[in-house]
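# Examination of the molecular architecture
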Amino acid sequence: MGRPVQYNENSKVILADIPEGYSGEGFMATKFDQVIGLARANSLWPLPFATSCCGIEFMATMGANYDLARFGSERMGFTPRQCDMLLVAGTIAKKMAPILRQVYLQMAEPRWVIAIGACASSGGIFDSYPVLQGIDQVIPVDVYVPGCPPRPEGILDGVLKLQDIVKHESLRRRHSEQYKGLLSEYGIQ
Amino acid sequence: MTNEQLKELLSAKFPELSEWDESYGLLSVRVPAAKNLELLQFLYNDPAMQFQFLTDLTGIHYPDRAGEELCVVYHLHNLVANIRIRVKVYVPVAAPDVYSATPVFSGANWMERETYDFFGINFIGHPNLTRILNVDEMDYFPMRKEYPMEDPTRTDKDDEMFGRG
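Residues numbered from 1 in each chain as written. Chains lettered and ligands numbered in written order. Predicted model: local features only at pLDDT ≥ 70, side-chain atom pairs only at ≥ 80, totals over all residues. Heavy atoms only, no water.

## Digging into the overall build of chain A
The number of helices and strands found in chain A is 6 helices and 6 strands. When its C-alpha atoms are laid out on the principal axes, chain A stretches across 70 × 40 × 25 Å. Accessible area for chain A stands at about 11000 Å²; split by element, carbon and sulfur atoms hold 56% of it. Charge separation in chain A, taken as the distance between the mean sites of 18 positive and 19 negative side-chain charges, equals 6 Å. (Helix = DSSP H or I, 4+ residues; strand = E, 2+ residues; numbered from the N terminus. Areas by Shrake-Rupley, 256 points an atom, 1.4 Å probe, with all protein chains shown as cover. Lys, Arg positive; Asp, Glu negative; His and termini not counted. Charge placed at Lys NZ, Arg CZ, Asp CG, Glu CD.)

This is how it looks when you write it as structure tokens:
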């Protein structure tokens, strides 16, 4: 008689690797950097800031076919207070820039930003007076996803790249002179 | 009422109307800037006219027409008889003063703000003539035809992103 819960040996689910460390019988010792980085990377809370067609691709990314939830970003939060991954998807007009910046400022550390698509990254085809020529003029960006609009695979790749950054980021990075210098370039304290 | 009848009635009341035109069947007329409010009021109130719906209000810039570079266009609609008319006002770009249509059409409020925002037309008597679509800090009127296609003085463009670094 089989056990009520079985371990499926044919499962294709890949579990996260155990971080490097020292282990013995009944214990394991590792660094906070790695454990917390692992936990953060696999539970990024996305805050979608979708203004145009890239937002539609992002919706497909969250949908059943592409399913961003597979990578731990299950729940979108529509408040900056709870989220740590800001996804800017779409054209940002100059009039929208202060609002985007305010949303970024309201996010708690640690926070990361993905610029999805050509418009968010560089202004895209809108080489024009009312359009912000890339959101990196008002907030720092961690990952740029190219495409006009990018396919959901592209967005997934961007999120995976960000997970890489998060996983290997020192817990102290956000206290580092480099990071503080970056933020002060943007006038953020 | 046909366009001809409308034209006769209007020219009897306002002899200063000029540049009558009927392209695509839409009667179009030019009115001096000093008289535009009077004409709009008449078109609104007169029982024979009843143009009580302001379909659109916008601006045009004709850089080659010296002394009358800027134009304000009103599209009016008589919803009862289903007749339309287009009214144009020309003003010099040096002094783009036009009386606001807001006393007649409340709906002109935002459209005049937009026209001010993009063409810099100064609507006299407008309750709140401020920019509506562009950033408040903007110090030029972007839809005027006085800028090069690619503005070399712009500092916000990152040429590297466009492959021309």
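And the narrative resumes.
## Structural notes on the pairing of strand β5 (residues 83–91) of chain B
All names here are of chain B. Counting buried positions along β5 yields 8 of 9 residues, so the element is predominantly enclosed. The pairing of strand β2 (residues 27–30) with β5 spans 4 bridges and is classified as parallel. Directly across from V29, in β5, lies its bridge partner V87. Where strand β4 (residues 70–78) and β5 come together, 9 bridges link them in antiparallel fashion. For L76, the partnering residue across the bridge sits in β5 and is I85. Between the antiparallel neighbours β4 and β5 lie 4 residues, among them N82 with a positive phi of about 55 degrees. (Buried < 20%, exposed > 50% of the residue type's maximum accessible area, 1.4 Å probe, protein only. Pairing = 2+ DSSP bridges.)

## Let's talk about the pairing of strand β4 (residues 85–89) of chain A
Residues and elements named next belong to chain A. Among the 5 residues of β4, 5 are classified as buried, and the element is accordingly described as predominantly covered. Burial along β4 is two-sided: the face carrying M85, L87 and A89 and the face carrying L86 and V88 are both buried. Judged from the 5 bridges that link them, strand β3 (residues 46–50) and β4 form a sheet pairing that is parallel. Note on β4: the bridge partner recorded for A50 is A89. Judged from the 5 bridges that link them, β4 and strand β5 (residues 112–116) form a sheet pairing that is parallel. The partner of L86 across the bridge, within β5, is V113.

## Observations regarding the packing of aromatic side chains
A complete count under the given rule lists 5 aromatic pairs over all chains for this structure. Ring plane angle 70 degrees and centroid distance 5.6 Å describe the contact between F14 of chain B and F42 of chain B, whose orientation is recorded as edge-to-face. You can see F14 of chain B sitting in the loop between α1 (3–13) and β1 (18–21) and its partner F42 of chain B sitting in helix α2 (residues 36–45), a full 28 residues away along the chain. When sorted by exposure, F14 of chain B lands in the same class as F42 of chain B, which is buried. Directly above the aromatic system of Y104 of chain A lies the positively charged group of R111 of chain A, at a separation of 4.2 Å from the ring centroid. Lying over the aromatic face of Y62 of chain B, R65 of chain B brings its terminal NZ or CZ to 5.2 Å of the ring centre. (Phe/Tyr/Trp six-rings, centres within 6.5 Å; stacked < 30°, edge-to-face > 60°. Lys NZ or Arg CZ within 6 Å of the ring centre and 35° of its normal.)

## A look at the layout of surface pockets
Residue and element names in this part refer to chain A. One number sums up the size of the largest pocket: a volume of about 400 Å³. Around the largest pocket sit 18 residues that line it, and A16, D17, L38, N42 and K167 are the ones nearest its centre. Put simply, the parts of the chain that give the lining of the largest pocket at least two residues each are α1 (32–41) and α5 (152–167). For the lining of the largest pocket, the leading source of residues is α5, giving 4 residues. (1 Å grid on protein atoms, 1.4 Å probe; cavity = no way out; pocket = protein on both sides within 12 Å on 5 of 7 lines; lining within 4 Å. Points joined across faces, edges and corners; volume = space filled by probe spheres on them.)

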